[in-house]
Amino acid sequence: MSGAALGIEIIVVFFLALIILHRYGDFKKQHKLVLVATLLAWHLCFLIIFILPLDVTTTIYNQCKHDINESYAAPPTNNGSPQYQQYASSTPRKQECFKPWSYIPDGIMPIFWRVVYWTSQFLTWILLPFMQSYARSGGFSIAGKIKTALIENAIYYGTYLLIFGAFLIYVAINPNISLQWNQLQTIGIAAANTWGLFLLVLLLGYGLVEIPRSHWNGAKKGYLLMKTYFKVAKLMTEKADAEENLEDIMEEVRKVNESIKYNHPLRKCVDTVLKKCPPEYQERMGRNMDDYEDFEERPNTYPTEKSLAKLHKQVIYSVQRHRRTQVQWQILLEQAFYLEDVAKNETSATHQFVHTFQSQEPENKIIQYLYTPTVEWYWECLLRPWFHRILAIILATFSIIVVWSECTFFSPKPVLSLFAVFIQLARDNYNYFYIEIACFFTIFFLSICVYSTVFRIRVFNYYYLASHHQTDAYSLLFSGMLFCRLTPPLCLNFLGLTHMDSAFSQRPADQQTAYTSIMGSMKVLSFIADGFYIYYPMLVVILCIATYFSLGTRCLNLLGFQQFMGDNEMTSDLVDEGKELIRREKRKRQRQEDGENRRREWKERYGSNREDSARNRSVQADQKESSFSETNTSRLASKYTRSNGRNERDRVELLQDAEPMDFNADSISEDPLDSDLGRYQPGGRYLSMSRSRIFDDV
């Protein structure tokens, strides 16, 4: 098995990163270079987490062989040292060292870590930031996109050079240190790890509390349903805003398309912008291509290439945002419907889980055979809440151990870090399998706390990892950058917690892991190695307390950012609004299913000859009803979210008055979502849908 475990884990981790990337990225539409760069960054970071336990067991085995040699021939330099004599007397003499099943031959791990580490650093500091700006740039040429990317990344490079320069000045003015290439390399690594450790502690403090709490709240069906209603109301506002923003951008594209004819030099740029528009808008705006106009007669009315590049960038962003909100809206509706079904089925006497709506996706016959309605009822209504509670207790126990170890890992004697105690017990007995399991679960839990926070955080609409293939190229590359910057300090922190780092080990003759050896001796910067790396992780206690009491959520709520809080008036209003939106969507879907049932009965009774005519009439009626319902829903969300200054009576009346709907009213023809509106007319006029009816009463 020599080296086989390393190869197996490399392959397994590759497919793991590929599966996660497939969940968030879109393999069909996104650029292949973006997908490859993100996959490489994720793969390298996950490799460090999975391979580091193998490095630990290999180091312990080499240490065992070194102890056997030292037991027969003690070095003369340390023979009279009281510290060494105490260590030698307390160390049992092993006559034989058993090679671990995952042993990696000498010389492989140092080369492997150098390739992985320096490749990830090249990605996070040079390639990925450049590709990130290049992907979002609205330029029409390669040179223009490269110029934009270099200007935008000057801030990133400047912050790194500022930290590196401060360390370099400290070393230069220190008379006891002579600058060498290895020391300069260590300074660069220390600067990168310092930058990553700042962010690592923030994310870790949030994840240590939020992950156990999310599973504990997952056992509360009422809590989950209220939170889903809250998300529905917020997403409805974002969905309406995305639709309005898309309409405004399409209006600007329409004006540019009308002003620049096919004989203009900038026509190629306009065609590039039109290709990024949704297909329905391309069809509408493509009707003005056959008119000839001499562009030299009106030189002042034409946009510049710079303005077209800005418009191109806005089109890419607005289309991606609009598509993402549409997909998330459907997913959130399915989640709300299912949670309502769970609440209804909890009091079922037949113990059979009944769905309000049947799933539109075809189910696997094997899963359908095993996961019967009875099994589903027992799992969803009885077993699943207890599963979440037990898992929450286990995760909370791990979080307490991590917080305690973060505050005590710097003490080599006595050993206070619980992770170091567990590893030390297995190390004395040379139980390699237990060591690998303990190391893997420790670093895996730390990485879950950090990486899950990366997947959860959202920086407005610029960085947002959305599942179901809705993450844009900018966010994918940004996540790869964060992973590459967080993983090295995370692994060094893990080695410190388990006392596998020689700086915190109680054994003076312990060997370093191959991963630690590539970092160099941090003693070049003593105030970093002996101060910042030891005491800064203790701030995780303060961050955990702040997360437990939801101080960040309360601050965001005071600043106007809507956050889910059970004791807040705005939260209650949004929950009520979300409940009303779910009712409307449920009625609309019920009408659609009734229409399908009527068409099915018509086919069975009269045959397929009259099916087409009946289907057309039913589809037209359903489209009118669906369009009118969506319009009223958008009006409700827009009016509600933009009238926070009104009193509570106005809000209640708004929700009550929006309920009655007359499907025979003439206002259906004025629906802004109707396909007959918002298109280019033969007379040359384009009717915009941005502010016609959605925000007519603001």
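Here the structure is shown first, and the text comes after it.
The rules we used
One numbering rule holds for all chains: residues counted from 1, following each sequence as written. Owing to the predicted nature of the model, reporting of local features is limited to residues with pLDDT of at least 70; listing and counting of side-chain atom pairs is limited to 80 or more, with chain, interface and lining totals taken over all residues. Side-chain metrics in this entry use all non-hydrogen atoms of the structure; hydrogen atoms and water are not considered. A run of H or I in DSSP becomes a helix once it reaches four residues, and a run of E becomes a strand once it reaches two; helices and strands are each numbered from the N terminus. Burial classes: relative accessible area under 20% of the type maximum marks a residue as buried, over 50% as exposed, and values in between as partly exposed (1.4 Å probe, protein chains only). By definition, residues are in contact when any of their heavy atoms lie within 4.5 Å. Surface accessibility in these figures is a Shrake-Rupley result with a 1.4 Å probe; residues are shielded only by whichever protein chains are displayed. By convention a nonpolar core is built from buried Ala, Val, Leu, Ile, Met, Phe, Trp, Tyr and Cys residues, the set being connected through side-chain atoms within 4.5 Å. To obtain an axis, a line is fitted to C-alpha atoms, over the contacting stretch when the element is a helix, and the angle between two such axes runs from 0 to 180 degrees between their N-to-C directions. Any angle that falls under 35 degrees is termed roughly parallel, while one over 145 is termed roughly antiparallel, one within 65 to 115 roughly perpendicular, and all others oblique. Two helices that cross are described as forming a left-handed crossing if the nearer one is turned anticlockwise from the farther one by less than a right angle, and a right-handed crossing if clockwise. Each residue gets one of three labels, nonpolar for Ala, Val, Leu, Ile, Met, Phe, Trp, Tyr, Cys and Pro, charged for Asp, Glu, Lys and Arg, and polar for the others, Gly among them. Candidate patch residues must exceed 30% relative accessible area and have no salt bridge, after which like charges are joined if within 9 Å and Val, Leu, Ile, Met, Phe, Trp or Tyr side chains if within 5 Å. Salt bridge, as applied in this entry: a Lys or Arg side-chain nitrogen positioned within 4 Å of an Asp or Glu carboxyl oxygen. For the purposes of this analysis, a disulfide is any pair of cysteine sulfur atoms at a distance within 2.5 Å.

### As for the overall build of the protein
Per the secondary structure count, the protein includes 23 helices and two strands. Residue burial in the protein is summarised as follows: out of 698 residues, 47% are buried. In the protein, once contacts between residues fewer than 6 apart in sequence are set aside, the share between residues at least 24 apart is 78%. For the protein, the computed accessible surface area is about 36200 Å², with 60% contributed by carbon and sulfur atoms.

### Quick look at the nonpolar core
Ranked by internal contacts, the top residues of the largest apolar core, which has 99 residues, are Trp42, Trp113, Leu208 and Tyr515. Leave out the neighbours within four places in its chain, and Trp42 touches Ala17, Ile20, Leu21, Phe455, Leu476, Ser479, Gly480 and Phe483.

### Comments concerning the packing of helix α4 (residues 108–136) against helix α5 (residues 142–152)
It is the contact of α4 with α5, at a shortest axis distance of 8 Å, that shows an interaxial angle of 125 degrees. When the axis of α4 is compared with that of α5, the two are oblique. For the crossing formed where α4 meets α5, the hand is right-handed. Taken together, the residues of α5 that come into contact with α4 (itself represented by Phe130, Ser133 and Tyr134) are Ile142, Lys145, Ile146, Ala149, Leu150 and Glu152. When the residues that make up the contact of α4 with α5 are grouped by side-chain class, the tally is six nonpolar, one polar and two charged.

### Things to note about the environment of Ser405
Considering the arrangement of structural elements, one finds Ser405 in helix α13 (residues 373–408). The class for Ser405 is buried, based on a relative accessible area of 0%. Separated by 12 residues in sequence, Ser405 and Ser417 place their C-alpha atoms 4.4 Å apart.

### Structural notes on a nonpolar patch on the surface
A surface patch of nonpolar side chains, about 720 Å² in accessible area, is lined by Ile367, Tyr371, Val375, Tyr378, Trp379, Leu382, Leu383 and Phe387. The element best represented in the nonpolar patch is α13, accounting for six residues. Residue position: Phe387 is located in helix α13.

### Details of the state of the cysteines
Tallying each qualifying case throughout the model produces zero disulfides. Between Cys449, a free cysteine, and Cys544, which holds the nearest cysteine sulfur, the sulfur-to-sulfur gap is 8.8 Å. As a non-bridged cysteine, Cys484 has Cys45 as the owner of its nearest cysteine sulfur, 3.7 Å distant.

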